[in-house]
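Descriptive structure summary
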Amino acid sequence: MRNWGWIVCGCALFLAVSQSSAETTSTGDSLITPAQIEPGSRHGTDYPPLAIRRREEGSVTLTLTIDDTGFVSDTIVVQSSGSEQLDVAAQYAALNWHYRPAMRNHVAVQSQKQVKLDFSLTGMDVNAYPAIPPLPPREQTPVVSRQLKDEGVTMPVRDPAFPMIAFYPPLARRLDLEGQVVLELTVGKDGLVDSVVLVKSSGHKLLDFGSELIAAQGHYKPAMRDGQPIVMRLPAVLTYQLK
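In this text, all values refer to a predicted model and were calculated from it rather than measured experimentally.

So, on to the packing of aromatic side chains. The full count for this structure, using the stated rule, is 2 aromatic pairs. Here the aromatic rings of Tyr47 and Phe119 are separated by 5.6 Å at their centres, their planes lie at 85°, and the arrangement is edge-to-face. Of this pair, Tyr47 sits in the loop between strand E2 (36–37) and helix H1 (49–53) while Phe119 sits in strand E8 (residues 111–119); the two residues are 72 residues apart in sequence, bridging distant segments of the chain. Owing to a relative accessible area of 3%, Phe119 belongs among the buried residues under this scheme. For the ring pair Tyr168 and Tyr240, a centre distance of 5.4 Å and an interplane angle of 85° mean the geometry is edge-to-face. Residue Tyr168 is located in the loop between strand E9 (157–158) and helix H4 (170–174), and its partner Tyr240 is located in strand E15 (residues 232–240); the two are separated by 72 residues in the primary sequence. By relative accessible area, which is 3% here, Tyr168 ends up buried. A cation sits over an aromatic face here: Arg158 above Tyr220, 5.2 Å from the ring centre.

Have a look at this one:
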């Protein structure tokens, strides 16, 4: 099976990060030495193209659980940006950070840290990203089916002019994460992905979030009915397998 993962795109860097000083161990005890981000670990993160096309901005506040090896084992959205894509991008970024773990009596312990990530379109050429037109209600949007094919409707297919560059997230490999993510994409009349819905989780946020971000960057030849492009829902299955 093909290993799908995150596509690195050339979008502008969003990133402004602030971190609170409030930290606790998993037992609520005071920490002698709080967790500190490893230098160079917090790489800049690309602004999700789907969020740019929606002209979405905002801030995401997360609570991170940092395990005793310094990896971010979980993320919780404390305050949403109001954009699902920005919230997903923020969590995906944070899950790839690495910290010097918190220490109590010279022993590494689990801790929590609150961070805020700001996304701004200021200074970005948003006109390079076509705005998403109003979409019909989901229940009124046809989904790929045998019946439609029999009626002569052509289904969306990947546009070979825009090959998908995919790789297994390095941290997922290190942690031996495997699984399958099922998504539902809405492919617009221009062949671009206008929405992404997580249908079935892999059981790992790192794989789920990476899959949502990669799928949103797809380019398709749109579905056609009577020679005219139409909006269509398309299932997408991304399988992560190490062997």
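Ranked by size, the top nonpolar core spans 54 residues in total, and within it Leu64 and Trp97 carry the most contacts. Broken down by element, the residue count for this core peaks at 8 residues, all from helix H2 (residues 84–95).

Thresholds, definitions, all that
Residues numbered from 1 in each chain as written. Predicted model: local features only at pLDDT ≥ 70, side-chain atom pairs only at ≥ 80, totals over all residues. Heavy atoms only, no water. Phe/Tyr/Trp six-rings, centres within 6.5 Å; stacked < 30°, edge-to-face > 60°. Helix = DSSP H or I, 4+ residues; strand = E, 2+ residues; numbered from the N terminus. Buried < 20%, exposed > 50% of the residue type's maximum accessible area, 1.4 Å probe, protein only. Lys NZ or Arg CZ within 6 Å of the ring centre and 35° of its normal. Core = buried A, V, L, I, M, F, W, Y, C linked by side-chain atoms within 4.5 Å.

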